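Descriptive analysis of the structure
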Amino acid sequence: MIEIPGIDPNMIANNLVPSQPTHPGEVLRDEIESRGITQTKLANEIGVRVSLLNELINGKRNFTIEYAMMIEAALGIDADFWVRMQANYDRKMANLNKKFMDKISNIRRIAVVL
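A short tour of the structure in this document, coming up. Predicted model only: the values in this text are computed from it and were never measured. (Residues numbered from 1 in each chain as written. Predicted model: local features only at pLDDT ≥ 70, side-chain atom pairs only at ≥ 80, totals over all residues. Heavy atoms only, no water.)

Further remarks concern the overall build of the protein. Assigned secondary structure in the protein consists of six helices and zero strands. Secondary structure elements in the protein, listed N-terminal to C-terminal, are α-α-α-α-α-α. Computed over its C-alpha atoms, the radius of gyration of the protein comes to 18 Å, more than 25% above the 13 Å expected for a compact globule of 114 residues. For the protein, the spread of C-alpha atoms along the principal axes amounts to about 55 × 40 × 20 Å. (Helix = DSSP H or I, 4+ residues; strand = E, 2+ residues; numbered from the N terminus. Rg over C-alpha atoms; globule rule 2.2 N^0.38 Å.)

So this is what it looks like as C-alpha cells:
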C-alpha cells in the first residue's frame, strides 16, 4: 500500500479496491474487441464452442489452466496472467461472501484454542 504523509491511503488511486472484483472474462472481452477479433473467430481458433467462450467472457465459467494456455497460444498473453487473475477474482468473491467469512472467523476462533 502506498502511503503519503497527510493523505488518507484509502484515497490514493493505486490503493483503491473496486466494489466488485473484475472477472478475467471482462479483460478477455476488452482484449479481443480491441484487436477486432470476434468471439466466434477466437473460439474456432482455440477449438472450443462459441457458447463456452461466451461463458468465459461473461464470468459464468472459470479460467482453467487449459483455457488460459489456449488463450495464450492464440493471443500471446501469458497463461499465468489469466490463472492469477482468476485466483484473485475467486478470493475477492469469497471475501465478499458474508456467510463464508463468518465461517472463516469461527474456524480462526477455534484454531486459537488448539
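Glancing now at the nonpolar core. Among the nonpolar cores identified, the biggest contains 19 residues, and Leu28, Ile32, Leu42, Leu53, Ile71, Leu75 and Trp82 are the most heavily contacted of them. Contributing elements (two or more residues each) for this core: α1 (24-35), α2 (39-46), α3 (50-57), α4 (65-75) and α5 (79-96). (Core = buried A, V, L, I, M, F, W, Y, C linked by side-chain atoms within 4.5 Å. Buried < 20%, exposed > 50% of the residue type's maximum accessible area, 1.4 Å probe, protein only.)

A separate point is the pattern of salt bridges. If charged atoms from side chains of opposite charge come close, those side chains can pair. Enumeration according to the criterion identifies three salt bridges in this entry. Of the charged contacts, one joins Arg61 and Glu55 as a salt bridge, the two residues approaching to 2.8 Å between their closest N and O atoms. Note that Lys98 is salt-bridged to Asp102, the shortest N-O span being 3.1 Å. One end of the pair, Lys98, and the other, Asp102, are both in helix α6 (residues 98-113), four residues apart, so they sit about a helical turn from each other. (Salt bridge = Lys/Arg side-chain N within 4 Å of Asp/Glu carboxyl O.)

Here Met69 shows up in helix α4. C-alpha of Met69 to C-alpha of Ile32: the two residues are 37 residues apart in sequence and 16 Å apart in space.

Turning our attention to the packing of aromatic side chains. According to the stated counting rule, one finds two aromatic pairs in the structure shown. Measuring from centroid to centroid gives 5.4 Å for Phe63 and Trp82, while their planes differ by 15°, and the two rings are stacked. Remark: Trp82 occurs in helix α5 and Phe63 occurs in the loop between α3 and α4; sequence separation between them is 19 residues. A relative accessible area of 5% means that Phe63 is categorised as buried. Between the aromatic rings of Phe81 and Trp82, the centroid separation amounts to 4.9 Å while the plane-to-plane angle is 75°, which identifies the pairing as edge-to-face. The exposure class of Trp82 is buried, given its relative accessible area of 0%. Ring pairs connect the aromatic residues Phe63, Phe81 and Trp82, which therefore count as one cluster. (Phe/Tyr/Trp six-rings, centres within 6.5 Å; stacked < 30°, edge-to-face > 60°.)

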